[in-house]
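Examining the three-dimensional arrangement
Letter by letter, the chains look like this.
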There are 2 protein chains.
Amino acid sequence: MAQLDVALGVDIGGTNTVFGYVDRSGRVLSESSILTQAREPASVFFKRLHAAAETLLDRIKEDCRLIGIGIGAPNANHFKCTIEAPPNLSWVFVDVATEMKQYYAVPVSLTNDANAAALGEMLFGAAKGMRDFIVITLGTGVGSGLVANGEMIYGADSFAGEIGHTTVDPNGRMCGCGRRGCLETYASAKGICRTMLELMCDRTDPSSLRSISPDELTSHMIFDAAQQRDTLAAEAFEITGRILGAKLAESVAHTSPEAIVLVGGLAAAGDLIFKPTMRSLEEHLLGIFKNKVKIIPSGLKHGNAAVLGASALIWDVLERTKK
Amino acid sequence: MAQLDVALGVDIGGTNTVFGYVDRSGRVLSESSILTQAREPASVFFKRLHAAAETLLDRIKEDCRLIGIGIGAPNANHFKCTIEAPPNLSWVFVDVATEMKQYYAVPVSLTNDANAAALGEMLFGAAKGMRDFIVITLGTGVGSGLVANGEMIYGADSFAGEIGHTTVDPNGRMCGCGRRGCLETYASAKGICRTMLELMCDRTDPSSLRSISPDELTSHMIFDAAQQRDTLAAEAFEITGRILGAKLAESVAHTSPEAIVLVGGLAAAGDLIFKPTMRSLEEHLLGIFKNKVKIIPSGLKHGNAAVLGASALIWDVLERTKK
C-alpha cells in the first residue's frame, strides 16, 4: 500500500502547544497537545514534544511518511530557525533547528503564528489560489502575515508583518511594546476591553458590563453583551472596526491585496466586527483601491487553524525547494 | 562583430518624455527627449516617440539589437499595459500595448514611475543585490515602489505602493486625492512649501522667503535658504524629515526592508532631509527593527534615473520570463 506523505504542524503557545499530522490536502489526520511549560529549559520541552508526537503518529491507522515539520511560535526567526526573546515564554533564545535535529532527520521550518496563519489560509483556507493577500490575527495581540506575488513577505530579517504595531494615535494608549497608540492597543481582544472601559467611563448609558471588574472583563463578555443589545458593547465593536478599517486602508496602500482575512478570537464576533471594519476600510481607501478589497473570515476549521498553518509552512517550503 | 543587446527606456512625464537606450550593465548609450503634449491624442504621441527613438538609435555607433521596451508613466497599469486617468496628462485611457505594437515587435512593459525607479535602483543603483527594500520618490508628489523577496510588489491590481497616500493626520492638509493628511501633503516638494508657509504664519522669525509669494515658492528656494542658515527654512526640512521618518517606521512594520532609498527632487537636499528622517525613523521603529534599516540616496546618475528605471523594468521582465 502506498505511503501517505504527512507534515507535522506544531503551534507553540504561551500555555499549550498544539500539534498534529496534516496531509497535502489539508486533512488533519490526528491532533493533540501538551503543556508548553516554558519555565523548564527548552530542551525538556522538545523532548516531551517529540515523545508525544511519536505516540500520536503510532495512533494513525494509515501508513504515513513524515516529510517535514512546520512550527509556529512567537518571535520566531524564520531564516535562523530560532526563537528570540518570546514575549509570553520564559525562554530567552532557542535554537529550534538544533533541538529538533536530535530527534528528526526531516526538514524543519519555523515562523511566527501570524505568518503560519497566512500560509494556512493560502494552502488550505480562505486565500486558496490568491497571490496577494493579508491575514490579520485579532487575538490577545494583533499579528499579521503579508503575501505578495504568491510568497510570504519575511523581509530582510524575517520579522516583516507587524501591522499590529503601526500607529493609530501617537498620543494614544500605552502598548506592551513600550510605545503609544499601536493598532494592537485598540483592535485586539484586550484592546476592545480597553475601549469598553473608556466608553463606560465617558458615558452614562447602562451596561451589564459595569458590574465586571477590568481584570475580569473579556472580549467574549463584550460580544455576549452586544448580542443582548447592550448599546455600549455594540459601540465598542463599532469603534474597534472603525479604527481597524482605517488602518487597514494604509496596508492596502502598501501591498494592494486582493483580500484581507481576519482571523482569531475577535474575528469570531462575525458581523459585529466585520461590518464596521469593511465600512471604515472603504471610507478610508485611496480612490483607486475602492470596491476592490474583500474582507473575509478564515477558511480553516477553528480548532485546527494553528496546526494547519504550521503544517502549511513546511508544505510551502518543500514545494518551493523542489522548483 | 557581435550585436549589443539594448533596452529602450521611456519615462512619460507631464511636460517631457525622456527616453534612451540602455545595455544590461546600466550603461546609457544615448538619451533624448520630446515634449509629451498630452493635449494631442495619445496615438500622435506614440508616433512621435517612435520616430524620435528611431533617429536616436541610428546615432549609436555600436551595432545594437533592441530586446524590449520599458515605459514609466503615471497611473500605469502594469498588468494590462494601459494608462488609466493619469493625473497630469489629459489622456483618459491609453492602451499602450496596442499603440506600441504598431511600431515594435519586441516586448513592451509598463509601470508607474516610482516602481520603475525601484527597479532601476535594484538592477543598476543603490539597491543592487538587495531582495527587500523600498524606494520613496520625493518629487511633486510622494511615490513608492516596494520590493520583497527580490520581486516588485504590484499587488492584486498592479497599483501597490501608494505610501504617499497613507495618513499622517486624518484632520490634516487637503490632498489632491480628495482626502486629508496624506504623507504626500507633507513630504513632497509641494508639502515642504506648505510647511514653510505654516512656519511663516506661526512664527515671527525673519526669513528671506517671506518676500516670495506662495505661488512662486519652491522646495529649491527653501533648500537655498536653509543653506544660508535661514532658521525657518532649516526647520521646514526638520519637520518634513520627522513626519517622513515616523511614517516610514510603519512601512518597515509591513515589509521589513533592508534599506529605504530616498530619490527625487527633495532627496537632493542631502543631509537636510536625510538626517531628520533617519533620526525620526529610529525613534518611531518597533524595537525589533531598530538599528537595522538603512536610509540611502539613489545610486543612479541623476539625469539618467528615469530612463534607467524604465529600462530596468523590461530587463527584469525578460529575465523573469526566461526562468
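Read on for an overview of the structure.

Analysis parameters
- Residues numbered from 1 in each chain as written.
- Chains lettered and ligands numbered in written order.
- Predicted model: local features only at pLDDT ≥ 70, side-chain atom pairs only at ≥ 80, totals over all residues.
- Heavy atoms only, no water.
- Helix = DSSP H or I, 4+ residues; strand = E, 2+ residues; numbered from the N terminus.
- Rg over C-alpha atoms; globule rule 2.2 N^0.38 Å.
- Lys, Arg positive; Asp, Glu negative; His and termini not counted.
- Charge placed at Lys NZ, Arg CZ, Asp CG, Glu CD.
- Contact = heavy atoms within 4.5 Å.
- Buried < 20%, exposed > 50% of the residue type's maximum accessible area, 1.4 Å probe, protein only.
- Pairing = 2+ DSSP bridges.
- Phe/Tyr/Trp six-rings, centres within 6.5 Å; stacked < 30°, edge-to-face > 60°.
- Buried area = accessible area lost by both parts, 1.4 Å probe.
- Salt bridge = Lys/Arg side-chain N within 4 Å of Asp/Glu carboxyl O.
- Polar contact = N/O pair within 3.5 Å; in protein donor to acceptor, adjacent residues only side chain to side chain.
- Least-squares fit on C-alpha atoms with pLDDT ≥ 70 in both.
- Expected span 1.5 Å × (residues − 1).
- Axes fitted to C-alpha atoms, helices over the stretch in contact; angles between N-to-C directions.
- Parallel < 35°, antiparallel > 145°, perpendicular 65-115°, else oblique.
- Nonpolar A, V, L, I, M, F, W, Y, C, P; charged D, E, K, R; others polar.

**Notes on the overall build of chain A**
Counting secondary structure elements, chain A contains nine helices and 13 strands. Expected size for 323 residues packed as a compact globule is a radius of gyration near 20 Å; at 20 Å, chain A falls within 12% of this value. Principal axes of the C-alpha set define a box for chain A whose edges measure 65 × 45 × 35 Å. Of the charged side chains in chain A, 31 are positive and 36 negative; the average position of the first set lies 2 Å away from that of the second.

**Some remarks on the environment of Ile273(B)**
Residue and element names in this part refer to chain B. Examined against the element boundaries, Ile 273 turns out to sit in helix α8 (residues 271-284). Along the primary structure Ile 273 and Phe 223 are separated by 50 residues, whereas in three dimensions their C-alpha atoms are 9.7 Å apart. Setting aside residues up to four positions removed in sequence, Ile 273 forms contacts with Phe 237, Thr 240, Gly 241, Leu 266 and Ala 267.

**Observations concerning the pairing of strand β10 (residues 142-148) of chain B**
Residues and elements named next belong to chain B. Taken across its seven residues, β10 has seven buried, putting it largely inside the fold. Pairing analysis gives six bridges linking strand β9 (residues 133-138) to β10, with the strands arranged antiparallel. Of the residues in β10, the one forming a bridge with Leu 138 is Val 142. From the end of β9 to the start of β10, which pair antiparallel, there are three residues. Here β10 folds back onto strand β11 (residues 151-152) in antiparallel fashion, the turn holding two residues, of which Asn 149 has a positive phi close to 55 degrees.

**A few points about the packing of aromatic side chains**
Tallied over the full model, the rule gives 10 aromatic pairs over all chains. With a centroid separation of 5.0 Å and an interplanar angle of 80 degrees, the aromatic rings of Phe45(B) and Phe46(B) are classed as edge-to-face. On the basis of relative accessible area, Phe46(B) is assigned to the buried category, the value being 1%. One aromatic cluster is present, built from ring pairs that chain together Phe45(A), Phe46(A) and Trp91(A).

**What to know about the sheet that holds strand β5 (residues 76-77) of chain B**
Judged by pairing direction, the sheet is antiparallel, and its three strands sit side by side in the order β5-β6-β7 (chain B) without closing on themselves. Whereas interior strands pair on both sides, the edge strands pair on one side only; in this sheet they are β5 and β7 (93-95) of chain B.

**With respect to the interface of chain A and chain B**
At the junction of the two partners, chain A supplies 36 residues and chain B supplies 36 residues. Across the chain A/chain B interface, buried area totals approximately 2900 Å², and carbon plus sulfur atoms make up 57% of it. Inspection of the chain A/chain B interface yields four salt bridges. Between Lys247(B) and Glu250(A) there is a salt bridge; the shortest N-O distance is 2.8 Å. At the junction of chain A with chain B, the criterion picks out 22 residue pairs in polar contact (both at pLDDT 80 or more). When residues in the side of chain A that touches chain B are grouped by element, the largest group, six residues, is from helix α7 (residues 231-255) of chain A.

**Some remarks on the relation of the copies chain A and chain B**
Superposing chain A onto chain B takes a rotation of 180 degrees combined with a translation of 0.0 Å along the rotation axis, leaving an RMSD of 0.0 Å. Considering both components of the superposition, the chain copies are consistent with a two-fold axis. Most of the interface of chain A is mirrored in chain B, where 100% of its interface residues are also at the interface.

**Regarding helix α9 (residues 305-322) of chain A**
Residue and element names in this part refer to chain A. For α9, spanning 18 residues, the distance from its first C-alpha to its last is 26 Å, which sits close to the expected 26 Å at 1.5 Å a residue. For α9, the full list of buried residues reads Val 307, Leu 308, Gly 309, Ala 310, Ser 311, Ala 312, Leu 313, Ile 314, Trp 315 and Asp 316. Next to the buried residues of α9 lie β1 (4-12), β2 (16-23), β3 (28-35), β4 (64-72), β8 (108-111) and α3 (113-124).

**Quick notes on the packing of α7(A) against helix α7 (residues 231-255) of chain B**
It is at 11 Å that the axes of α7(A) and α7(B) come closest, and there the two elements cross at 75 degrees. As the angle between them shows, α7(A) and α7(B) are arranged roughly perpendicular. Contacts between α7(A) and α7(B) involve Lys247(A), Glu250(A), Ser251(A) and His254(A) from the first element and Lys247(B), Glu250(B), Ser251(B) and His254(B) from the second. Of the residues belonging to the contact of α7(A) with α7(B), the class tally is no nonpolar, four polar and four charged.

**What about the sheet that holds β9(B)?**
The strands that make up a sheet pair up through hydrogen bonds in the backbone, lying either parallel or antiparallel. All names here are of chain B. A sheet is described by the order of its strands in space; here five strands give the open sequence β11-β10-β9-β12-β13, paired in mixed fashion. Looking at which strands have only one partner, the edges of the open sheet turn out to be β11 and β13 (294-297). As defined by bridge partners, β10 adjoins β11 across two bridges and the pair is classed as antiparallel. Residue Val 147 lies in a different strand from β11, and its bridge partner there is Met 152. α8 contacts β12 (259-263) and β13 of the sheet and is inclined by roughly 165 degrees relative to β13.

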